[in-house]
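One-letter residues, chain by chain:
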Amino acid sequence: MSSFAIGILLLLSIAVLPAALAAVLQQLVFVHRARRVEGRVVSERCYRMFGRTRRYYRVEFELSTGQRAQLRSSVASSSKTSPQLGQAVPVLLIERTGRQAKAKIGTWLELWFSSALLLFIGSIGFLAVALASASSI
């Protein structure tokens, strides 16, 4: 029974690897096409989880039309590592006529954390299967 469960977990983690590679590729394309603008942290939402303070923050930036826009951080961070109210942060922005602007906060954590986590999980599964098959030979 336990070997069946381990096999299923390995297969699931291997299935994550193509999704991780697609996420990394998509993020690389976005970073390459985007232009960098300056944003400012305008608000924050703090909460406690497992005895630690976690924080999401909102960033306001300006589009090429002069219109102001906001976006929220997608990854909660600790109060020590995240920017403070009023602090300038980089924003990566893609504007196309007839479409809504696409923007992301330009920090490593915001851009690459999810992709790196998926890549790590998929790689662990791939390595486990490779080692298991190599030891059976």
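Computed from a predicted structure; not experimentally measured. (Residues numbered from 1 in each chain as written. Predicted model: local features only at pLDDT ≥ 70, side-chain atom pairs only at ≥ 80, totals over all residues. Heavy atoms only, no water.)

**Observations concerning the overall build of the protein**
Alright, step 1. Helix and strand counts for the protein come out as 2 helices and 6 strands.
Alright, step 2. Over its C-alpha atoms the protein spans a radius of gyration of 20 Å, topping by over 25% the 14 Å that the globule rule assigns to 137 residues.
Alright, step 3. Relative to its full complement of 137 residues, the protein shows a buried share of 27%.
Alright, step 4. Restricting to contacts in the protein with at least 6 residues of sequence separation, those with at least 24 account for 58%.
Alright, step 5. Accessible area of the protein: about 9300 Å², with a carbon and sulfur share of 63%. (Helix = DSSP H or I, 4+ residues; strand = E, 2+ residues; numbered from the N terminus. Rg over C-alpha atoms; globule rule 2.2 N^0.38 Å. Buried < 20%, exposed > 50% of the residue type's maximum accessible area, 1.4 Å probe, protein only. Contact = heavy atoms within 4.5 Å. Areas by Shrake-Rupley, 256 points an atom, 1.4 Å probe, with all protein chains shown as cover.)

**Focus on the environment of Leu-119**
Alright, step 1. Of note, Leu-119 is situated in helix H2 (residues 108-136).
Alright, step 2. Measuring from C-alpha to C-alpha, the distance between Leu-119 and Ser-13 comes to 9.6 Å, with 106 residues separating the pair along the chain.
Alright, step 3. Sequence-distant contacts of Leu-119, defined by excluding residues within four places in its chain, comprise Leu-17, Ala-20, Leu-21 and Val-24.

**Observations regarding the side chain of Glu-110**
Alright, step 1. Assignment of secondary structure puts Glu-110 in helix H2.
Alright, step 2. This buried residue, Glu-110, is left without a salt bridge; Arg-72 holds the nearest opposite charge, at 8.4 Å.
Alright, step 3. Contacts of Glu-110, omitting those with residues within four sequence positions, involve Gln-27, Tyr-57, Ser-73, Ser-74, Val-75 and Ile-105. (Lys, Arg positive; Asp, Glu negative; His and termini not counted. Salt bridge = Lys/Arg side-chain N within 4 Å of Asp/Glu carboxyl O.)

**So, the pairing of strand E5 (residues 88-94)**
One face of the sheet, then the other: side chains in a regular strand alternate in exactly this way.
Alright, step 1. The element E5 is extensively covered by neighbouring structure, given that 5 of its 7 residues are classed as buried.
Alright, step 2. Looking at chain direction, strand E1 (residues 35-49) and E5 are connected through 6 bridges and run antiparallel. Across the sheet, the residue bridging to Val-37 is Val-91, located in E5.
Alright, step 3. Of the pairings in the sheet, the one linking E5 to strand E6 (residues 102-105) comprises 4 bridges and is antiparallel in character. Counted as the bridge partner of Leu-92 is Lys-104 from E6. (Pairing = 2+ DSSP bridges.)

**A few points about the environment of Ser-64**
Alright, step 1. One can find Ser-64 in the loop between strand E2 (52-62) and strand E3 (68-72).
Alright, step 2. Taking C-alpha positions, Ser-64 is 9.8 Å from Val-37, a pair spaced 27 residues apart along the chain.
Alright, step 3. Look past the residues within four positions of Ser-64 in its chain and what remains in contact with it is Arg-35 and Glu-95.
Alright, step 4. Of the polar contacts made by the side chain of Ser-64, one reaches the side chain of Glu-95; its length is 3.2 Å. (Polar contact = N/O pair within 3.5 Å; in protein donor to acceptor, adjacent residues only side chain to side chain.)

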